[in-house]
Each structure stands twice: as C-alpha cells, then as structure tokens.
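Structural features, examined
Spelled out, the chains give:
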Amino acid sequence: MSVDPRSDIRVLPAYKPGRSPADLARELGMADAIKLASNENPFGPLPSVIEAITRAAAEINRYPDNGAVELTAALGAKYGVKAEQIALGCGSVTVCQQIVQAYAGQGDAVLFAWRSFEAYPLVVAVSAAQSIMVPLREDTHDLPAMLAAITDNTKIVFVCNPNNPTGTAVRRAELTAFLDAVPPSVLVILDEAYREYVLDADVPDGLELMAGRPNVAVLRTFSKAYGLAGLRVGYLIAEDPAVAETVRKTGMPFSVSSIAQAAAVASLEASAELAARVAQTVAERHRVQAELVRLGYAVPESHANFVWLAVGEQTPVVATSLEQRGLIVRPFGLEGVRITIGSPQENDMMLRVLRG
Ligand SMILES: *Cc1c(COP(=O)(O)O)cnc(C)c1O
C-alpha cells in the first residue's frame with residue numbers, strides 16, 4: 001500500500017535536473033564546462049550588491065519584511081506605479097503560480113502559446129486547470145489564433161514577450177489589437193522576463209500597454225538582466241491594485257528572503273552599471289546571431305539574452321556535440337536548441353563548435 005497523490009499530480013513529469021558544469025567537466029576531463037542553458041547573466045554580482053547581501057546576512061535570525069516595503073517602494077518609484085499595484089514573489093515563476101492558483105482552478109482554462117515558457121503547463125496542472133496551447137506561427141505568438149481560442153472557460157492568457165525559448169517578440173500594433181479584443185473578464189499576463197534586453201522601439205513595454213486596462217498585468221524578474229537568479233525575486237505589476245492584492249493572497253508568507261530583498265534594492269540603485277552589462281550582452285547577441293545566420297542556421301531575430309537554433313531533427317545532435325566540447329545548452333525535443341548569450345569568450349567557443 002502507498003499513499004496516492006492526486007491523480008493529476010501523479011502524471012506530472014518529475015523534475016529532471018540539467019547537466020551541472022562541474023559534473024560535465026569531470027566527465028570530459030576539462031578544467032571547467034560552460035553553462036549556456038538557463039539564460040543566466042554571465043556577469044557575477046556587483047560589489048555594491050555583495051555588500052548589501054553581507055549587511056543583510058548579519059540579520060538573518062529575523063524573518064524578512066513580509067511586505068517588502070523598501071523593495072516595493074523602490075520598484076514603485078522606478079516604474080511610476082503605486083505600491084498597491086505590485087506583488088512580489090520568490091522568482092517570477094512563483095508569481096506565475098500565485099496568479100494561476102488565484103484565478104484558475106478545476107474547469108478553468110489558461111491559454112498560452114507553445115512553445116513558450118516551460119513553467120506555464122506545470123503551474124496550470126498544479127492548479128487542476130486546463131492548459132490551452134496555441135502553436136507559434138513562424139516562431140512567434142499567433143495572437144489572432146490565441147484570441148480565437150478564448151472561450152467562456154478562459155481565465156488567464158500568458159503572453160511571453162519576448163518569447164522563451166524562441167526570442168521573438170510581438171509588436172505594439174498587434175498586441176494592442178489583441179488587448180482591445182480580449183474580454184475584460186480574462187486576465188492577460190504579459191511575461192516580460194527579458195524586457196531589459198529589448199532594443200526595438202516597436203516592441204511595446206507592457207507597463208505602457210496596461211494603462212487603462214484593469215485586466216492586464218506585467219511580470220518581471222531580477223533573475224535575468226539583474227543577475228540575481230540564485231536569490232529568487234520576481235514581481236507582478238498590475239493596472240488594477242485588486243489584481244496585485246489577489247496575487248499576494250496566494251503567496252507563501254516570507255517567501256522573498258531578507259537577503260534577496262536587500263540585493264534587489266541594491267541592484268535597482270546600480271541600474272546604470274547593470275544597463276552597461278545588458279548593452280554588452282545585446283552587442284554579443286547581435287554578433288552571435290549574425291554569425292549563426294552566416295553559418296546557415298535558421299535563427300529568428302532574438303530580443304532576449306539567448307538565441308534559438310531551429311534545427312528540428314538535428315536538435316539532439318547539435319546539443320550533444322556542444323556538450324562533448326564542454327558547452328551545456330538547452331535542447332527542446334526535435335524542435336531546436338536554445339543557447340544563452342554568455343561572455344564573448346564563451347560565445348566564441350560555442351561558435352567555434354558550431355562552425356565545425
Ligand atoms: C526566466 C524566466 C522567468 C523568471 O524566472 P524567475 O523565477 O524569476 O527566475 C519568467 N518567465 C520567463 C519566460 C522566463 O524565461
């Protein structure tokens with residue numbers, strides 16, 4: 001006899017950890033391996049951020065500020081929104097889960113493009129809601145098809161812009177038309193985890209688009225451009241404070257640690273230094289993208305800190321040949337390989353393998 005979990009949880013795939021660089025390096029007999037698999041920032045933490053972490057570490061016998069007052073105020077000031085419009089979470093993936101838990105349950109549908117962020121179907125399943133996945137068209141969101149897929153059961157639509165893993169972005173006119181047409185009873189979440197890497201002025205800022213639309217909210221994170229993936233801080237900014245309040249209700253108390261809050265505040269204070277790093281990554285993205293296209297790979301224009309190699313059936317071969325040379329990337333079935341933009345040296349190594 002064993003204790004049965006919920007049947008819809010039993011069928012969920014168990015977490016399969018990615019290759020660890022240390023492990024792979026040992027296996028290959030190399031000094032170290034390079035991880036270009038998780039869209040992390042290649043730069044280590046800024047000295048000012050380490051300092052803030054050290055200061056916060058002296059007080060970890062205390063619970064964190066559950067309202068994250070200082071961080072919320074700093075975000076409010078940065079974006080010109082009220083504290084009531086903000087909901088923080090332990091990484092934006094947790095905020096995703098809080099949103100779905102709050103708004104969708106059994107019998108409800110959550111709509112998103114596919115492929116898109118891998119966490120969406122998982123958090124939907126955990127809430128016992130149904131995922132409706134609308135295929136990408138030419139690696140990009142097919143917003144008219146998504147609109148047509150909305151039914152009376154639809155509670156939430158996720159639009160990941162730029163999209164993970166393809167790096168593509170929807171433009172202002174098409175996203176505005178979509179938001180104009182979505183029924184006001186459907187919550188639209190614009191997942192902008194990679195917003196800081198967007199240069200194209202025609203790729204809209206979700207915070208501008210949500211103005212005047214109480215059913216729209218934006219999701220952002222400190223994990224990518226801000227380089228705090230290991231500390232887990234993400235947030236929602238909603239046009240309607242009631243949405244943020246609802247999302248806060250499904251959050252675990254104290255889930256954003258005092259160290260994470262301090263590091264996030266320090267990172268917002270260092271935004272000029274961080275912007276310079278983002279500019280370097282974007283310059284590398286342009287270089288890598290151009291070189292991959294020159295080599296004959298099909299690479300859609302990326303607006304994020306990664307590129308998508310649509311290599312189809314060659315996906316396992318491409319991923320394995322990179323791995324055998326100490327480069328860990330992220331393959332997706334027989335669709336393609338997502339490669340994070342690393343440091344110039346890391347990108348050169350990756351390009352050297354793909355040239356061969
Ligand atoms: C990386 C990523 C996130 C953020 O993850 P965190 O939990 O904040 O580390 C959210 N959405 C997308 C699409 C991502 O790629």
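Scope of this entry: the structure provided in the associated data block. If you're wondering where the values come from, they're calculated on a predicted model, not measured in any experiment.

1. Some thoughts on the overall build of the protein chain
The helix and strand tally for the protein chain stands at 14 helices and 12 strands. The contacts in the protein chain between residues at least 6 apart in sequence include a share of 71% that link residues at least 24 apart. Element-wise, carbon and sulfur atoms account for 55% of the exposed surface of the protein chain, whose accessible area totals about 16,300 Å². In the protein chain, the 31 positive side-chain charges and the 39 negative ones have mean positions that sit 3 Å from each other.

2. Focus on the site of the ligand
Around the ligand, the surrounding shell holds 13 residues, and the nearest of these are S92, Y194, T221, S223 and K224. Here S92 contributes a backbone N or O atom positioned 2.7 Å from an oxygen atom of the ligand. If the ligand stood free it would expose 390 Å²; the protein chains cover 93% of that surface. A class-by-class count of the residues in the shell around the ligand yields five nonpolar, five polar and three charged.

3. Points about the pairing of strand β7 (residues 216-221)
Within β7, six of the six residues are buried, which leaves it mostly tucked inside the rest of the structure. In β7, alternate side chains face the same way, and those of V216, V218 and R220 on one face and A217, L219 and T221 on the other are all buried. Two elements, strand β6 (residues 187-191) and β7, share four bridges in a ladder whose sense is parallel. Bridge pairing in β7 links L190 to V218. Pairing of β7 with strand β8 (residues 234-238), which is carried by five bridges, proceeds in the antiparallel orientation.

4. What to know about the sheet that holds strand β2 (residues 86-89)
As summarised here, the arrangement of the seven strands in space is β2-β8-β7-β6-β5-β3-β4, forming an open sheet in which the pairing is mixed. A single partner strand is all that each edge strand has here, and the edge strands are β2 and β4 (130-135). Within the sheet, the average angular offset between the axes of one strand and its neighbour, ignoring direction, is 20°. On the sheet, helix α6 (residues 119-126) packs against β3 (109-114), β4, β5 (154-160) and β6 and is oriented at approximately 165° with respect to β3.

5. A few points about the nonpolar core
Ranked by size, the top nonpolar core spans 46 residues in total, and within it L71, M146, V159, L175, F178 and F222 carry the most contacts. The biggest single contributor to this core is helix α11 (residues 258-269), with six residues. In contact with F222, other than residues within four places in its own chain, are L71, L75, G227, L228, A229, V233, Y235, A264 and L268. The next biggest cluster of nonpolar side chains, apart from the first, holds 24 residues, and it includes I99, F112, F158 and A238.

The rules behind these values
- Residues numbered from 1 in each chain as written.
- Predicted model: local features only at pLDDT ≥ 70, side-chain atom pairs only at ≥ 80, totals over all residues.
- Heavy atoms only, no water.
- Helix = DSSP H or I, 4+ residues; strand = E, 2+ residues; numbered from the N terminus.
- Contact = heavy atoms within 4.5 Å.
- Areas by Shrake-Rupley, 256 points an atom, 1.4 Å probe, with all protein chains shown as cover.
- Lys, Arg positive; Asp, Glu negative; His and termini not counted.
- Charge placed at Lys NZ, Arg CZ, Asp CG, Glu CD.
- Near = heavy atom within 4 Å.
- Polar contact = N/O pair within 3.5 Å; in protein donor to acceptor, adjacent residues only side chain to side chain.
- Nonpolar A, V, L, I, M, F, W, Y, C, P; charged D, E, K, R; others polar.
- Buried < 20%, exposed > 50% of the residue type's maximum accessible area, 1.4 Å probe, protein only.
- Pairing = 2+ DSSP bridges.
- Axes fitted to C-alpha atoms, helices over the stretch in contact; angles between N-to-C directions.
- Core = buried A, V, L, I, M, F, W, Y, C linked by side-chain atoms within 4.5 Å.

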